[in-house]
Amino acid sequence: MTIQLGQTAPDFVQESTQGPIHFHSWLGSSWGILFSHPKDFTPVCTTELGTVARLAPEWAKRNTKVLGLSVDELKDHAEWEADIAETQGSSVDFPILADADRKVATLYGMIHPEADPKVTVRSVFIIDPDKKVRLTLTYPPSAGRNFDEILRVLDSLQLTDRQKVTTPANWHLGDDVIIAPSVSNEQAQKLFPQGWKTLKPYLRLVKLS
């Protein structure tokens, strides 16, 4: 199954390190990040889980729940969490799905036809409070995920949901944003009384107050 932007994230019930997860109910009114790992006790993923754990205050500020996934068993997850705490200096405080029957991995297209069917690819899904998929990423086994980038996109999605703007390349919170092309200059005067800089009629930069 191919997950596309804008579709409703498939719901599921699966075991995790924090008990059974009924995905949509577990998300509630929060944003969510679902990210998969090929296998427990893999080096790159060990660093990733430690990073996600250290970012707990950042996820909380953004009303975001994080959920890991691996196709290994719960007992393996418990041993792996101990390794993560030891080597990364942070305890994993979020649930990791024990997707041994590959139900969720199959539902979200995390097992590629030409890959080892015993492991998942390293996928990321950002899901909004309406349960819509807003971002998908797939990484190769050798490159650790950039969670600063995932936070950056999350900031952009949350901002552009609230205001009629889009964000330029390499944007970070506090940088100028782009007034959405659907907004006329007359509308923009009401929305952005602080004024803006017009580079082209379709490219209007504004600093949000």
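Residues numbered from 1 in each chain as written. Predicted model: local features only at pLDDT ≥ 70, side-chain atom pairs only at ≥ 80, totals over all residues. Heavy atoms only, no water.

Novice: I'd like a description of the overall build of the chain, backed by residues and values.
Specialist: Within the chain one finds seven helices and eleven strands. Considering the chain as a whole, with its 209 residues, one finds that 44% of them fall into the buried category. Contacts spanning at least 24 positions in sequence make up 65% of the contacts within the chain whose residues lie at least 6 apart. Across the chain, 22 positive and 26 negative side-chain charges occur, with their mean positions spaced 10 Å apart. (Helix = DSSP H or I, 4+ residues; strand = E, 2+ residues; numbered from the N terminus. Buried < 20%, exposed > 50% of the residue type's maximum accessible area, 1.4 Å probe, protein only. Contact = heavy atoms within 4.5 Å. Lys, Arg positive; Asp, Glu negative; His and termini not counted. Charge placed at Lys NZ, Arg CZ, Asp CG, Glu CD.)

Novice: Summarise helix α6 (residues 147-162); cite the residues concerned and give the values.
Specialist: Here α6 spans 23 Å end to end across 16 residues, near enough to the 22 Å set by a 1.5 Å rise per residue. For α6, the complete set of buried residues consists of Phe147, Ile150, Leu151, Arg152, Val153, Leu154, Asp155, Ser156, Leu157, Gln158 and Leu159. Measuring from the side-chain oxygen of the N-cap residue of α6 to the backbone nitrogen of aspartate 148 gives 3.0 Å; that N-cap residue is asparagine 146. (Expected span 1.5 Å × (residues − 1). Polar contact = N/O pair within 3.5 Å; in protein donor to acceptor, adjacent residues only side chain to side chain.)

Novice: Can you tell me about the sheet that holds strand β11 (residues 203-206), naming the residues and giving the values?
Specialist: Taken together, the four strands give an open sheet; going across it, the order is β8-β9-β11-β10, and neighbouring strands pair in antiparallel fashion. Sheet topology places β8 (165-166) and β10 (197-200) at the edges, where each strand pairs with a single neighbour. Of the pairings in the sheet, the one linking β8 to strand β9 (residues 177-179) comprises two bridges and is antiparallel in character. By the bridge assignment, threonine 166 is partnered in β9 with isoleucine 178. (Pairing = 2+ DSSP bridges.)

Novice: Provide a residue-level description of the environment of glycine 6, including the pertinent values.
Specialist: Turning to its location among the elements, glycine 6 is positioned in the segment before β1 (13-14). Considered as a pair, glycine 6 and threonine 198 are 192 residues apart in the sequence and their alpha carbons are 31 Å apart. Contact partners of glycine 6, with chain neighbours within four places excluded, come to Lys132 and Val133.

Novice: Can you explain unusual backbone geometry? Please cite residues and give values.
Specialist: Residue asparagine 63 is not a glycine yet carries a positive backbone phi of 50°. With respect to the helices and strands, asparagine 63 occurs in the loop between α3 (56-61) and β4 (64-70). In this structure, lysine 131 takes a positive phi of about 70° despite not being glycine. Lysine 131 sits in the buried class, given a relative accessible area of 14%.

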